[in-house]
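Secondary and tertiary structure notes
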Amino acid sequence: MKSWCCFGGATGMLKAILCVLAATFTLSVDGAARQPDPSTGDALRVLILTGRHNHDWEATTPFLKTMYEESGRFVVDVTEDPASLDADALEPYDVLVDNYAAYPDMTGRQWGKTAEDAIVEFVRQGKGMVLFHAAVASFLDWPEFLEMAGCSWGEDSAHGRRHEYNVDIVDHDHPITHGLHSFATSRDELYHRLDMHPPIQLLARSYSMASAKGSGRYEPMVLTTDIGQGRCFYTAMGHDVEAMEGAGFQAVMLRATEWAATGAVNMPPPDALPARKLQAVVLTGGHDFDEEAFPKLFEGDEAVLYDAVHQEKDSKIFEDISDWPYDVIVLYNMSNKISEKGRANFLRLLDQGTGLVVLHHAIIAYQEWPEFARIIGVNYYQEESTINGVTYPKSTYKHDVDMPLRIEDGSHPVTQGLKDFVVHDETYNGMTFGAANQVLVSTKHPASAKSIAWVRQYKNAKVCFIQVGHGPQVFTNPNYRQLVHQAVHWAGTAPE
Ligand SMILES: [Zn+2]
Ligand SMILES: [Zn+2]
């Protein structure tokens, strides 16, 4: 099932203004080539190919033109009729930028033989081509185009809901990405399951969260290809002007365009790109919970991408961690089963420094795995238990209690800014606690154990346990929300 956004909701007036803008910026490409502006010296000459798109090319084309020109490195012409191009028309340019998409007519080669041969020859002779977003939803029957693009829109290709996502740089040596750190995009589409046409060189990837209607795997986000002596570039970013306003999109496009034109990047990396967001997984399953209210606990925490994974009996998520995308695990499950392999992988993640936040009834997850209680720093006894000759009575719980919470240490990142507060929630009592727990929140309520929230270290992982968290009244409590959000940030952030 394909998923496509059509033209955005620009009003008639706005559309008209954009059309005028586009017309103002559009120059004829036949006849005399535009000379580089003397003020820009040896500016690189860009030709934007556009005029048809299932996206709003009349808005994005002038945006791109301005972006290139304001960098001081490029002068830009635009053609709205790529089919009219030939070798002479292309000759003055250093690089082509493809803002054209034939979708849904992805076969039929709308540009025709003369233009297509001229474009391939232009690149082969040592120049460049830059493609982005839906440009690859075109020309599926043009082999050289697929070779240049490195990927194309296929039967299974789609995107989830639009959101800000991370672009994780995997190749820091390439001129385009050298000196750039991984960053967060503006609100954009994250394409998944594009058809790939190797060989490609992958420079950056993005994790597509299944809970955002994505693919549940890493997707290629920035890549390059070679054809003849020439260089091509593709990024899946760039759905609309809002997406293009992202500093990361602009840095990548500008650097890629310079590289495609010249083979080198001389422009300095930007001072700052939007910080990469933490990637968290919230694991549920094995215990009832308020499925409407609980997810809202994580809303409004803009610095974290929360993925939601529900696994009723097993924790299959730990069976294969070869492409593990998460900085922090939030357990709200009570699944009992975790295989030997799952346990080993869980420990490996903690050893690698993946953070762990354990909420409420996850205190009795993995009862068949004794090490889990040592990881989280607490034993809850579902039955009277005798361990090493010591008998522990059954632990207890009590619903609908107004429990005053005391902040024991407000200087810790998990509790900073919080003052004592009251929650209406469920108590637990009769547990035993790890000696190394650093207690941050406590209570004197007689139906509850004293320790409510604590932090500890296990292997290289930062672990935070928060006992309260049964129902909607605590999920909407602003103090509790702050406590949980700060716990996720703290646990998911590597030590300085
Ligand atoms: Zn789009
Ligand atoms: Zn509960």
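Residues numbered from 1 in each chain as written. Chains lettered and ligands numbered in written order. Predicted model: local features only at pLDDT ≥ 70, side-chain atom pairs only at ≥ 80, totals over all residues.

Here we take up the overall build of the protein. On a plain count of helices and strands, the protein comes out with twelve helices and 26 strands. Along the first, second and third principal axes, the C-alpha set of the protein runs to 90 × 45 × 40 Å. In the protein, which comprises 496 residues, the proportion classed as buried is 47%. Partitioning the contacts of the protein with sequence separation of at least 6, the portion at a separation of at least 24 is 74%. (Helix = DSSP H or I, 4+ residues; strand = E, 2+ residues; numbered from the N terminus. Buried ≥ 20, exposed ≤ 12 C-beta atoms within 10 Å, placed from the backbone. Contact = placed C-beta atoms within 7 Å.)

Okay, the nonpolar core next. Of all hydrophobic cores here, the largest spans 142 residues; its most connected members are Val-46, Val-95, Val-136, Ala-280, Val-330, Val-357 and Cys-464. Broken down by element, the residue count for this core peaks at nine residues, all from helix α7 (residues 247-262). Both domains that meet at this core, namely domain 1 (12-262) and domain 2 (278-492), each give it at least three residues. Val-330 has contacts with Ala-280, Val-281, Val-282, Leu-283, Val-357, Leu-359 and Val-488, leaving out every residue within four places of it along the chain. (Core = buried A, V, L, I, M, F, W, Y, C linked by C-beta atoms within 7 Å. Domains from an automatic or database assignment.)

Our focus in this paragraph is unusual backbone geometry. Between Tyr-103 and Pro-104 the backbone carries a cis peptide bond, its omega angle lying at 5°. Within the secondary structure, Pro-104 is located in the loop between β3 (95-98) and α4 (112-124). Between Pro-198 and the following residue, Pro-199, the backbone shows a cis peptide bond with an omega angle of 5°. Locating Pro-199 in the fold gives a position in the loop between β10 (195-196) and β11 (201-208). For Arg-109, which is not a glycine, the phi torsion comes out positive at approximately 50°. Of the residues examined, Arg-109 has 17 C-beta atoms within 10 Å and is grouped as partly exposed. Not every positive phi belongs to a glycine, and His-133 is a case in point at roughly 50°. Its location among the elements puts His-133 in the loop between β4 (128-132) and α5 (143-149).

What follows deals with the domain arrangement of the protein. Reports of interface size often rely on the accessible area that becomes lost once the parts have come together. Taken domain by domain, the protein consists of domain 1 (12-262) and domain 2 (278-492). Relative placement of domain 1 and domain 2: their C-alpha centres are 45 Å apart. On the side of domain 2, six residues touch domain 1, which itself brings seven residues to the contact.

Moving on to the pairing of strand β21 (residues 396-407). Remember that side chains alternate between the two faces of the sheet whenever the strand is regular. Pairing of β21 with strand β22 (residues 421-429) involves eight bridges; the strand directions are antiparallel. Looking at the pairing, Lys-398 lines up with Thr-427 of β22. Bridge analysis of β21 against strand β24 (residues 438-443) gives three bridges, and the strand direction is antiparallel. Across the sheet, Arg-406 pairs through a bridge with Ser-442, a residue of β24. (Pairing = 2+ DSSP bridges.)

In this section: the sheet that holds strand β17 (residues 355-359). Spatially, β15-β14-β16-β17-β26-β25-β24-β21-β22 is the arrangement adopted by the nine strands of the open sheet, whose pairing is mixed. Of all the strands in the sheet, the pair left with one neighbour each is β15 (304-310) and β22. Ignoring strand direction, the axes of neighbouring strands in this sheet form an average angle of 25°. Strand contacts of helix α12 (residues 478-492): β14 (278-285), β15, β16 (328-333), β17, β22, β25 (451-458) and β26 (461-466), with the helix running at about 165° to β26, the strand carrying the most contacts. (Axes fitted to C-alpha atoms, helices over the stretch in contact; angles between N-to-C directions.)

Once that is clear, we can look at the environment of Ile-338. Note that Ile-338 resides in the loop between β16 and α9 (340-351). Under the C-beta neighbour-count criterion, Ile-338 is labelled buried, with 22 such atoms within 10 Å. Separated by 202 residues in the primary sequence, Ile-338 and Val-136 have C-alpha atoms spaced 42 Å apart. Ignoring sequence-local partners within four residues, the contact set of Ile-338 consists of Ser-315, Phe-318, Arg-343, Phe-346, Tyr-366 and Trp-369.

Further remarks concern the sheet that holds strand β8 (residues 183-184). Overall, mixed pairing links the nine strands, which are arranged β2-β1-β3-β4-β13-β12-β11-β7-β8 in an open sheet. The open sheet terminates on both sides in strands that have one partner only, identified here as β2 (74-79) and β8. Relative to β4, β3 runs parallel, the two being bridged by four bridges. Each bridged residue has a counterpart across the sheet, and for Val-97 the counterpart in β4 is Val-130. Across the sheet, helix α2 (residues 57-70) lies against β1 (44-49), β2 and β3, angled at about 160° from β2, the strand it touches most.

Here the focus is α12. In a regular helix each residue adds 1.5 Å, so 15 residues correspond to 21 Å; α12 covers 21 Å between its end C-alpha atoms and thus fits that length. Among the residues of α12, those classed as buried are Tyr-480, Leu-483, Val-484, Gln-486, Ala-487, Val-488, His-489, Ala-491 and Gly-492. (Expected span 1.5 Å × (residues − 1).)

The α-helix advances 3.6 residues per turn, and as a result positions three or four apart in sequence lie on the same side. The terminal C-alpha atoms of α4 lie 18 Å apart, and with 13 residues this matches the ideal 18 Å at 1.5 Å per residue to within 8%. Taken as a whole, α4 has its buried residues at Ala-115, Ile-119, Val-120, Phe-122 and Val-123. The buried side chains of α4 occupy one side of the element, clustering within an arc of 160° when seen end-on. Where α4 is buried, its residues meet α3 (87-90), β3, β4, α5, β12 (217-227) and β13 (230-235). (Arc of directions from axis to C-beta.)

On to the environment of Lys-398, then. Tracing the backbone shows Lys-398 in strand β21. For Lys-398 and Trp-153, which are 245 residues apart along the polypeptide, the C-alpha to C-alpha distance reads 55 Å. Excluding its chain neighbours within four sequence positions, the residues that come into contact with Lys-398 are Glu-426, Thr-427 and Ala-447.

The subject of this paragraph is the environment of Leu-223. As for its placement among the helices and strands, Leu-223 is situated in strand β12. Exposure remark for Leu-223: the 25 C-beta atoms within 10 Å place this residue in the buried category. Remark: the alpha-carbon pair of Leu-223 and Ile-176, spanning 47 residues in sequence, is separated by 9.9 Å. With near-sequence residues (within four places) excluded, Leu-223 lies in contact with Gly-150, Ile-200, Gln-201, Leu-202, Leu-203 and Tyr-234.

In this structure, β24 lies alongside β25, joined through four bridges in antiparallel fashion. Residue pairing in the sheet places Ser-442 in a bridge with Ser-451 of β25.

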